[in-house]
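Given next are the chains, with one letter for each unit.
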Amino acid sequence: MAASWDTSRYLSLFVGEATEHLDALGKELVRLEGGVTAEAIDSLFRHAHSVKGMAGSMGFEATTALGHRLEDLLDRVRTAPHRFDRTTADLVLQAVDALSGHVKAASNSEPFPDATELARQLELVALSMQPGTTPIPFREPVAPPPLVESAPSPESALPPRYDVKLRVATSSAQPGVRGFLAYKRLSSLGNLFRCTPSLDEVKAGKLPGGVFAVELETTETEAAIGKTVSQVADVELVSVTRVVAPPPVPVAEDPASPSEPEPARVVGQEPPRTVRVRTELLDGFLDLAGELLLATASARDVGRVLPDEPRGRFTEAIDRLHSLVRGLHDLVMEARMTPVASITDRLPRAARDIARRRGREIELIVSGSDVELDRAIVDELNDPVLHLLRNAIDHGVEPPEERRMRGKPPRGTVKLSVRRVTDRVVLELEDDGRGMDTERLKAVAVERGLITIEAARVMTEREALMLSTAPGLSTAASITDISGRGVGMDAVRRAVEGVGGTLEISSRRGAGTTFKLSLPLTMAMVNLLLVGLADEVYGLPIAKVAGVVEATRGSLSHSRAEPVLPFGTGVVPARELSAVLEIPGRPQAVDALSPFVVVETDEGRIALAVDALLGQEEVVLKVLTRPLDQVAGLAGVTVLGSGRPVFILDVARLEVPRRVLVGGEA
Amino acid sequence: MSKRVLVVDDSVFMRDIIKDIFAAGGFSVVGEAGNGVEAVEKYKELKPDLVTMDLVMPYRNGIDATREILRGDGKALVVMCSALGQETMVMEAIEAGAVDFIVKPPRAEDVLAVVKKVLGEG
């Protein structure tokens, strides 16, 4: 089927939609291993059919042919679901992978990988399913793989949800604001979801009959909900009903005709109208909204020098502008929010493959896939989460025989839960495997010269577990099996911290390990401590600042000829920030009081001597572009209201040479 | 004891109307302010049970003043006074922490109904 029209402009649409279908196909297929139903097969068939149809329209003949074979096979299975066995499932998965390979190739304008052999196998199996034939043996039989499935989230882990229906009095002068006020009040009780009509429509007063509904997740009682609403004039409570948790992944198939694209993931009762937007475009919006915020701040600064009379009006106008821009910024951020499902949806399939390869039996339980995060964060976390899963199965969960010997069920459980905790998202991956050996970790760390024996002795359990993320340790292949954790943990930690998150590990020997990722909802805003150094201003992310101490250089004590500053119950090494950044500093008298900012680097805490503390500011972080991104120690840049650019230091990875000490020599 | 109210509005005329409404409703107006800066100062000084806050005022608008008052006292009850057509600003004030709003020109029964609800007496 040759295309007679210019297809290039449809390519990105094709890639996007075909990928969605193929992802869904893979996902549903894995779930199918729990039990085959005609509806489920129908859905697989529709996905395959859609991909084939789209590929045909694009003129991708090889893809169309392969899609056709797959569709054929699934069509046969439709009439004989009992013939759908594990080998067939494997073959279908291979076909899905091959088709994904084609889509990727199309997207990169590369030649398509050859799939004729696979197409032939699909055809053979399809033929064998004709009525009256017996299934042909197809390749050597494989040991039954562990079953992997995504289970509904444990309801008990989440506070109950209520469907709260409200009516705004029709006599109200500003029904939209009334509705919004009630919404705001309810939000003080817990988390709100699914406002119907949408919050924007509520705000605009578009309330049919004055009624709107929200879903409220709260630990409060129904009476408390009633009381809160009763405090809002002109708003009455129509009803409060407890919502029964829906399964996290809709299993029911959409009745849409096969040629229609899948409807977008719906959150509300009625599917919201959606439009596809390239992520680069969203990035562009965010950049511009950020610039607008900065520009507004700088206009405000200009206003400060105005005489009294015009200043009042000017400030008011700026306030208004600022809140509008802030609103715009928030909306752009919201548009960037994307459910973590785009990470978790791939995991059941991955778990199945890894477990099968390693001879493990695994049950993967995923909950909270609908929690949303900034797209940029979701993108960054894809690999780390997969890596944690791989490690959990590879090195955490024991082989079935070993588990039996230890009195554990032969099938290991890996739980991945995602939940929103105030303004952060917590992602936990927990296994019931062998746990990590902190003694071993410490011993190897000492052996490799990463820590001293002394340090190892006083180390807390938590610190010892974090050793597994030290570059020198986690990249060492030999640690893999002794520690119960594999390679690349340093990369996981880097990625998590790179988006402003934190990683915590807890583990019990013989009982399992939990990795806890605490993530910000968005990564574009960052809270800075501004410090002055010579004539420059630098920003230190507050998240990495442990405290500030004022001291004179003369009062520092020394440990092994290294100046140290008392902090908390111990001491931390003290350094001149100017020397760390290798810039000329202002000479300071030994008896002059200077602020020392204690920061958390990857190597531990250090105190940085600065000339002045200039305050705290929430800023829009701009990523550095070449060649500045090559400079070590810089995380980004921002522009203050005054128009002054400020570099934000990459505190976690500050390189702190030992020789750069505070004191007379600086 | 009657509840103590601070009335903030840049128009003396409007302040008088609101004051009269409160007096008739059994509230005691303990202070008034004509701009946002004054409002913040008066609030700190008087610690009233409730503030009615005009949106648009010189020096410091009602939204900023509300924000500032709440920064000092997270439990402050601020009710916005707005005209029709200022919906967006009112919503911003609510975002900033205002607990309710009344629409100008104020009608006694509406103002008292809102205020009583806010104070948990309605």
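Residues numbered from 1 in each chain as written. Chains lettered and ligands numbered in written order. Predicted model: local features only at pLDDT ≥ 70, side-chain atom pairs only at ≥ 80, totals over all residues.

**Digging into the overall build of chain B**
Per the secondary structure count, chain B includes five helices and five strands. The linear arrangement of helices and strands in chain B, starting from the amino end, is β-α-β-α-β-α-β-α-β-α. For chain B, long-range pairs separated by at least 24 residues make up 60% of all intrachain contacts whose partners lie at least 6 apart in sequence. (Helix = DSSP H or I, 4+ residues; strand = E, 2+ residues; numbered from the N terminus. Contact = placed C-beta atoms within 7 Å.)

**With respect to the overall build of chain A**
Scanning chain A for helices and strands turns up 21 helices and 22 strands. Here chain A, with 666 residues, has 35% of them falling under the buried criterion. Restricting the contact set of chain A to residue pairs at least 6 apart, pairs at least 24 apart contribute 71%. (Buried ≥ 20, exposed ≤ 12 C-beta atoms within 10 Å, placed from the backbone.)

**Notes on the UniProt feature "modified residue: 4-aspartylphosphate" (unreviewed entry) in chain B**
Cross-referencing UniProt, the feature "modified residue: 4-aspartylphosphate" (unreviewed entry) maps to Asp54(B) in the present numbering. Excluding residues within four positions of it along the chain, Asp54(B) makes contact with Val8(B), Asp9(B), Asp10(B), Gly62(B) and Cys81(B). (UniProt positions renumbered as here; feature names shortened; annotations may be inferred.)

**Remarks on the confidence of the model for chain A**
Residue and element names in this part refer to chain A. Predicted confidence across chain A gives a mean pLDDT of 78, with 83% of residues reaching 70 or more. The low-confidence segment residues 134–156 (pLDDT under 50) makes 44 contacts with residues lying over four places distant or belonging to another chain. Scored below 50 in pLDDT, residues 475–486 shows 30 contacts in the model against residues more than four places distant or in partner chains. (pLDDT = per-residue confidence, 0-100.)

**Focus: the packing of helix H3 (residues 61–79) of chain A against helix H4 (residues 86–107) of chain A**
All names here are of chain A. One way to put it is that H3 packs onto H4 with a least axis distance of 10 Å and a crossing angle of 155°. Regarding the angle of H3 to H4, the classification is roughly antiparallel. As for how H3 packs across H4, the hand of that crossing is left-handed. Mapping the contact onto sequence places Ala-62, Thr-63, Leu-66, Gly-67, Leu-70 and Val-77 in H3 and Thr-88, Val-92, Ala-95, Ala-98, Leu-99 and His-102 in H4. For the contact of H3 with H4, a count of residues per class yields eight nonpolar, four polar and no charged. (Axes fitted to C-alpha atoms, helices over the stretch in contact; angles between N-to-C directions. Parallel < 35°, antiparallel > 145°, perpendicular 65-115°, else oblique. Left-handed = near helix turned anticlockwise from the far one by under 90°. Nonpolar A, V, L, I, M, F, W, Y, C, P; charged D, E, K, R; others polar.)

**Remarks on the sheet that holds strand S5 (residues 100–104) of chain B**
Residues and elements named next belong to chain B. Read from one edge to the other, the open sheet built from five strands follows the order S2-S1-S3-S4-S5, with strand pairing classed as parallel. Looking at strand neighbours, the two that pair on one side only are strand S2 (28–33) and S5, the edges of this open sheet. Here the strands of the sheet are splayed against their neighbours by 25° on average, with no regard to which way each runs. Here strand S4 (residues 78–83) pairs with S5 via five bridges, running parallel. Residue pairing across strands places Met-80 opposite Phe-101, the latter belonging to S5. Lying over the sheet, helix H2 (residues 36–46) contacts strand S1 (4–8), S2 and strand S3 (50–54), oriented at roughly 145° with respect to S2. Packing against the sheet, helix H5 (residues 108–118) makes contact with S3, S4 and S5, and its axis sits at approximately 175° to S5. (Pairing = 2+ DSSP bridges.)

**Here we look at the interface of chain B and chain A**
Tallying the contact residues gives 18 residues for chain B and 15 residues for chain A. Per element, the largest residue contribution to the side of chain B that touches chain A is five residues, and it comes from helix H4 (residues 87–96) of chain B. Along the lines of polarity and charge, the residues of the side of chain B that touches chain A split into 11 nonpolar, two polar and five charged.

**Some details on the environment of Val590(A)**
Relative to the elements of secondary structure, Val590(A) occurs in the loop between helix H21 (577–580) and strand S18 (593–601). For the pair formed by Val590(A) and Arg553(A), sequence separation is 37 residues and the distance between their alpha carbons is 4.8 Å.

**Considering the environment of Lys19(B)**
Residues and elements named next belong to chain B. If you trace the backbone, Lys-19 turns up in helix H1 (residues 12–24). The spacing of Lys-19 and Leu-6 is 13 residues in sequence and 9.2 Å in space, taken between C-alpha atoms. Among all residues touching Lys-19, those that are not within four sequence positions of it are Val-7 and Val-29.

**A word on the confidence of the model for chain B**
Residues and elements named next belong to chain B. Across chain B, pLDDT averages 89, with 98% of residues at or above 70. The element-level mean pLDDT for chain B is lowest in H4, coming to 87, with S1 highest at 95. For this predicted complex, the interface score ipTM comes out at 0.81, while the overall pTM is 0.44.

**Here we look at unusual backbone geometry**
With glycine set apart, most residues show a phi of negative sign, and most peptide bonds adopt trans. That bond from Thr196(A) to Pro197(A) is cis: its omega, -10°, falls within 30 degrees of zero. Secondary-structure assignment places Pro197(A) in the loop between strand S2 (190–196) and helix H7 (199–203). In this model, Lys104(B) is joined to Pro105(B) through a cis peptide bond whose omega is 0°. Examined against the element boundaries, Pro105(B) turns out to sit in the loop between S5 and H5. Its identity is not glycine, yet Ser109(A) carries a phi of approximately 50°, on the positive side. Counting through the fold element by element, Ser109(A) comes out in the loop between H4 and helix H5 (116–128).

**Some remarks on the pairing of strand S17 (residues 570–576) of chain A**
All names here are of chain A. Both strand S16 (residues 562–567) and S17 contribute to a ladder of four bridges, which runs antiparallel. Paired with Pro-566 across the bridge in S17 is Val-571. The turn linking S16 back onto S17 is made up of two residues, and Gly-568 within it adopts a positive phi angle of 60°. In the sheet, S17 pairs with strand S19 (residues 604–609) via three bridges, with the strands oriented parallel. Opposite Glu-576, over in S19, you have Ala-609 as the bridge partner.

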